[in-house]
Amino acid sequence: MDLTTKYLGMEIKNPLVPSASPLSRSIDMARELEDAGASAIIMWSLFEEAITAESESMVRFLHHQEIGFAEADDGFLPAYEDFAGGMERYLDNLRRLKETLDIPVIASLNGVTPGGWIEHGKELEQAGADALELNVYYVAGDINQSGSEVEERYLTLLTSLRQHIKIPINMKLSPSFSSVSHMVSRLETAGASGVALFNRFYQPDINIESMRLQPSLHPSTSAEALLAMRWIALLYGRTNISLGATGGVHTSEDAIKLLLAGADVVHLCSALLTRGTGYLKQILDGVADWMEEQGFESVNEFRGRVSALSIPNPAEFERANYVNVLDSYSFSPGVMV
Ligand SMILES: Cc1cc2nc3c(=O)[nH]c(=O)nc-3n(C[C@H](O)[C@H](O)[C@H](O)COP(=O)(O)O)c2cc1C
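The paragraphs below set out a description of the structure included in this document.

1. Topic: the packing of aromatic side chains
- Tallying each qualifying case throughout the model produces 5 aromatic pairs.
- A ring pair is formed by W290 and F302, whose centres lie 4.9 Å apart and whose planes are at 70 degrees; its orientation type is edge-to-face. Remark: F302 occurs in helix α12 (residues 299–302) and W290 occurs in helix α11 (residues 279–294); sequence separation between them is 12 residues.
- A cation over a ring is seen here: R25 above W44, with NZ or CZ 3.9 Å from the ring centre.

And the structure:
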């Protein structure tokens with residue numbers, strides 16, 4: 001059975017790719033993922049804030065040293081070696097992943113300003129990254145900022161990186177664009193090799209006792225995969241870049257649906273964090289079993305079969321579906337059907 005798929009210009013052995021998560025921080029866990037069948041791995045992100053904070057503390061530290069800040073001698077400030085750079089650690093992790101694994105390793109940058117990203121991108125390329133994922137985790141909360149300004153932010157970051165590195169760039173996108181499809185098309189023109197749909201925004205919660213914000217991080221559910229499924233189905237056949245489905249893939253059924261919609265790969269995170277690295281094999285076996293039952297010999301035979309290009313009524317992916325669903329709702333007091 002041929003499970004291979006093309007992703008970011010690479011031929012990979014199947015469509016299951018663990019997305020950015022702490023799992024890749026551990027070389028052992030990354031190896032377990034490869035053993036379970038992962039076809040590539042996306043590293044945890046190098047965060048812009050971490051790099052900025054690090055260089056700021058370095059400046060403060062050197063400044064204190066220069067002026068002979070008294071408390072520095074008493075161990076108030078950390079020793080110079082404690083500032084072993086976050087970037088250096090990341091590069092080291094990348095090199096070790098490359099040495100250990102046979103599958104492609106995709107590095108990940110997470111930030112919102114061009115800043116030092118070009119330098120970082122170059123370093124990641126030189127350290128052997130097979131591709132680079134750019135996660136612009138940007139919450140557009142400024143009432144004076146227009147949608148097109150937000151789009152420009154993504155495009156500027158991509159364009160400047162594209163000019164300086166040769167490896168494929170994958171853009172991890174928010175679902176909050178007025179026109180997701182048009183944005184993908186603009187990114188393709190600007191040199192992206194793929195998109196990951198979608199970034200999951202973590203919503204802060206309010207603690208009603210303390211009346212303060214509290215962080216909330218819940219694992220996703222399969223229902224969330226339907227968001228990416230719709231947009232991938234609408235994009236399939238209309239763009240030449242890779243389509244990665246991110247968010248809510250917990251079972252082989254979820255993965256199959258996304259491939260039927262037209263995804264080149266499906267990303268896994270919460271499912272592996274909650275059920276362990278070996279769970280990837282169960283999802284992979286489930287996909288292979290379903291292919292056998294359906295008589296498919298390769299992923300290419302069924303990928304995109306239920307995309308907007310392939311179904312008789314593509315409007316079902318758009319407004320028609322909404323109207324039908326609301327119409328089919330039957331109401332009896334106190335019961336949601
Ligand atoms: C604990 C945790 C850490 C994550 N770290 C990153 C990260 O460093 N960079 C990134 O782009 N996404 C990160 N993500 C997001 C995931 O890669 C993924 O896009 C998201 O969880 C949705 O997929 P899922 O439903 O399979 O969990 C993280 C998610 C979790 C739960």
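2. Examining α11
- The end-to-end C-alpha separation of α11 is 23 Å, in line with the 22 Å expected for 16 residues at 1.5 Å each.
- Buried within α11 are the following residues: Y279, L280, I283, L284, G286, V287, A288, W290 and M291.
- Residues of α11 that are buried in the fold lie against β3 (16–18), α1 (27–36), α9 (252–261), β12 (265–268), α10 (270–275) and α12.
- Note on α11: the residue one or two positions beyond its end, G295, has a positive phi of about 80 degrees.

3. Focus on the site of the ligand
- Taken together, 18 residues are adjacent to the ligand, and A20, S45, N135, S220 and S270 come closest.
- Within the contact set of the ligand, an oxygen atom lies 2.5 Å away from a side-chain nitrogen or oxygen of S270.
- Coverage of the ligand by the protein chains reaches 88% of its 610 Å² of free accessible surface.
- At the level of secondary structure, the elements contributing two or more residues to the shell around the ligand comprise β4 (41–47) and α10.
- Considering each element in turn, the shell around the ligand owes the most residues, 3 residues, to β4.
- Residue composition of the shell around the ligand, grouped by class: 8 nonpolar, 8 polar and 2 charged.

4. Structural notes on the sheet that holds β3
- In spatial order, the strands read β3-β12-β11-β8-β7-β6-β5-β4; together these 8 strands make up an open sheet with parallel pairing. The two strands at the open ends of the sheet, each matched to only one other strand, are β3 and β4. The sheet shows a mean angle of 25 degrees between the axes of neighbouring strands, taken without regard to direction.
- The pairing of β4 with strand β5 (residues 105–110) spans 5 bridges and is parallel. In the sheet register, L46 faces β5, and the bridge partner there is L109.
- Packed on one face of the sheet, α11 meets β3 and β12 and runs near 160 degrees to β3.

The rules behind the values
- For every chain, the first residue of the written sequence is number 1, and numbering continues from 1 along that sequence.
- A pLDDT threshold of at least 70 governs which residues receive local features in this predicted model, and a stricter bar of 80 or more applies before side-chain atom pairs are shown or counted, although totals over entire chains, interfaces and linings include all residues.
- Side-chain measures were taken over the full set of non-hydrogen atoms in the model, leaving aside hydrogen atoms and water.
- Ring pairs shown here join Phe, Tyr and Trp side chains whose ring centres sit within 6.5 Å, with only the six-membered ring taken for Trp; geometry is labelled stacked below 30 degrees between planes, edge-to-face above 60, and tilted in between.
- Here a helix means four or more residues in a row that DSSP labels H or I, a strand means two or more in a row labelled E, and each is numbered from the N terminus.
- For a Lys NZ or an Arg CZ to count as sitting over a ring, it must be within 6 Å of the ring centre and within 35 degrees of the ring normal.
- Take the residue count of a helix, subtract one, and multiply by 1.5 Å to get its expected span.
- Relative accessibility under 20% of the residue-type maximum defines a buried residue, over 50% an exposed one, and the middle range a partly exposed one, all with a 1.4 Å probe and only protein chains included.
- By the convention used here, residues are in contact when the closest approach between their heavy atoms is within 4.5 Å.
- Definition of nearness: a residue and a molecule or strand are near each other if at least one heavy atom of the residue lies within 4 Å of the molecule or strand.
- Within 3.5 Å is the distance limit for a polar contact, defined as a pair of N or O atoms, with the added protein rule that one can donate a hydrogen and the other accept it, and that residues adjacent in sequence qualify only through two side-chain atoms.
- With residues, only the protein chains shown are counted as cover, and all accessible areas are computed by Shrake-Rupley using a 1.4 Å probe.
- By the convention adopted, Pro, Cys, Tyr, Trp, Phe, Met, Ile, Leu, Val and Ala count as nonpolar, Lys, Arg, Asp and Glu as charged, and the other residues, Gly among them, as polar.
- Here the rule is simple: two strands pair whenever DSSP picks up at least two bridges between them.
- Throughout, an axis means a line fitted to C-alpha atoms (over the contacting stretch in the case of helices), and angles, computed between N-to-C directions, take values from 0 to 180 degrees.

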